[in-house]
Amino acid sequence: MAIARAPSWRASVLLAAVVVVVDQWTKHWAVAVLGTDREIEVFWTLQFNLAFNSGMAFSRGEGLGPVIAVAATAVIVWLLISLRTESSRLSTVGMGLVIGGAAGNLIDRLFRGEAWLRGAVVDFIDFQWFPIFNVADMAINVGAFALILNTILVGRRSPDRAREDEMA
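Engineer: Please give an account of the environment of Ile76 that cites residues and values.
Structural biologist: Inspection of the secondary structure assignment puts Ile76 in helix H2 (residues 65-82). When its relative accessible area of 11% is taken as the criterion, Ile76 is described as buried. With 23 residues separating them in the primary sequence, Ile76 and Ile99 have C-alpha atoms 5.5 Å apart.

What follows is the structure in structure tokens.
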């Protein structure tokens, strides 16, 4: 007896929603607890230290928030459309993580500022030897790695095996 598998887009969207909730909850915690002058040492070089990033990765592109927000929206829409054709579990997870991470940071840009799309992303995870980041950033990086790995693995499959996987 075969068990009907739910469409992979549902799993990706659910994972993306979980990432957004966890990301926004942790950012809310960071803003409420850390403020602008408090650091919490966790272990080794890890500490929680509040920072706001109005640029893109590694604080590059300061002031380009609206452009980054439009690009993030385009990526989210493109990935959501692409979900219709994805079938591997790795790509399903990767897309869910990237969509959720991009949406989490986009929410900051939309609502954490004085004007529409002029908000700054809340960052608070600080190793002191690496740029400060947040849960959404982690999801984007892990998701991108999963998508790259999936592409490599799919490229290595034999044509017969790829056809079998598509029919399953």
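Once you've had a look at it, read on.
Engineer: Report on the sheet that holds strand E2 (residues 46-53), specifying residues and quantitative values.
Structural biologist: Pairing in this open sheet of three strands is antiparallel, and the strands run E1-E2-E3 from one edge to the other. Taken across any chain shown, the strands that pair with only one partner, and hence form the sheet edges, are strand E1 (39-43) and strand E3 (121-126). Recorded for the sheet is a direction-independent mean angle of 30 degrees between the axes of neighbouring strands. In this structure, E2 lies alongside E3, joined through five bridges in antiparallel fashion.

Engineer: Which residues make up the pairing of E1, and what values go with them?
Structural biologist: Across four bridges, E1 lies against E2 in antiparallel orientation. Across the sheet, Ile40 pairs through a bridge with Phe48, a residue of E2. The antiparallel pairing of E1 with E2 creates a hairpin that spans two residues between the two strands, and Trp44 there sits at a positive phi of about 50 degrees.

Engineer: Could you give an account of a nonpolar patch on the surface, naming the residues involved and the relevant values?
Structural biologist: Where nonpolar side chains cluster on the molecular surface, the patch consists of Val42, Phe43, Trp44, Trp129 and Phe130 and spans about 640 Å² of accessible area. Tracing the chain through its elements places Phe43 in strand E1. Owing to a relative accessible area of 53%, Phe43 belongs among the exposed residues under this scheme.

Engineer: Which residues make up the packing of helix H1 (residues 8-34) against helix H4 (residues 135-156), and what are the values?
Structural biologist: Packing of H1 against H4 leaves a shortest axis separation of 8 Å and a crossing angle of 145 degrees. Judged by residue contacts, Val19, Val22, Asp23, Thr26 and Lys27 of H1 engage Val135, Ala136 and Ala139 from H4.

Engineer: Tell me about the side chain of Gln47, residues and numbers included.
Structural biologist: Along the chain, Gln47 falls in strand E2. What makes Gln47 buried here is its relative accessible area of 5%. There is a polar contact of 3.3 Å between the side chain of Gln47 and the side chain of Gln128. Among all residues touching Gln47, those that are not within four sequence positions of it are Glu39, Ile40, Glu41, Val42, Phe124, Ile125, Asp126 and Gln128.

Engineer: Account for the confidence of the model for the chain, with residues named and values stated.
Structural biologist: Of the residues in the chain, 85% have a pLDDT of 70 or more, and the chain-wide mean is 84. In this model residues 1-5 is a low-confidence stretch, pLDDT under 50, and it forms two contacts with partners more than four residues away in sequence or in other chains.

Engineer: Tell me about the pattern of salt bridges, residues and numbers included.
Structural biologist: Taken as a whole and assessed by the stated rule, the structure comprises three salt bridges. The partner of Arg112 in a salt bridge is Asp108, and the shortest N-O contact between them spans 3.0 Å. The exposure class of Arg112 is partly exposed, given its relative accessible area of 29%. Taking relative accessible area as the criterion, Asp108 reaches 0% and is therefore assigned buried.

What counts and what doesn't
- Residues numbered from 1 in each chain as written.
- Predicted model: local features only at pLDDT ≥ 70, side-chain atom pairs only at ≥ 80, totals over all residues.
- Heavy atoms only, no water.
- Helix = DSSP H or I, 4+ residues; strand = E, 2+ residues; numbered from the N terminus.
- Buried < 20%, exposed > 50% of the residue type's maximum accessible area, 1.4 Å probe, protein only.
- Pairing = 2+ DSSP bridges.
- Axes fitted to C-alpha atoms, helices over the stretch in contact; angles between N-to-C directions.
- Patch = residues over 30% accessible without salt bridge, like charges linked within 9 Å, V, L, I, M, F, W, Y side chains within 5 Å.
- Areas by Shrake-Rupley, 256 points an atom, 1.4 Å probe, with all protein chains shown as cover.
- Salt bridge = Lys/Arg side-chain N within 4 Å of Asp/Glu carboxyl O.
- Contact = heavy atoms within 4.5 Å.
- Polar contact = N/O pair within 3.5 Å; in protein donor to acceptor, adjacent residues only side chain to side chain.
- pLDDT = per-residue confidence, 0-100.

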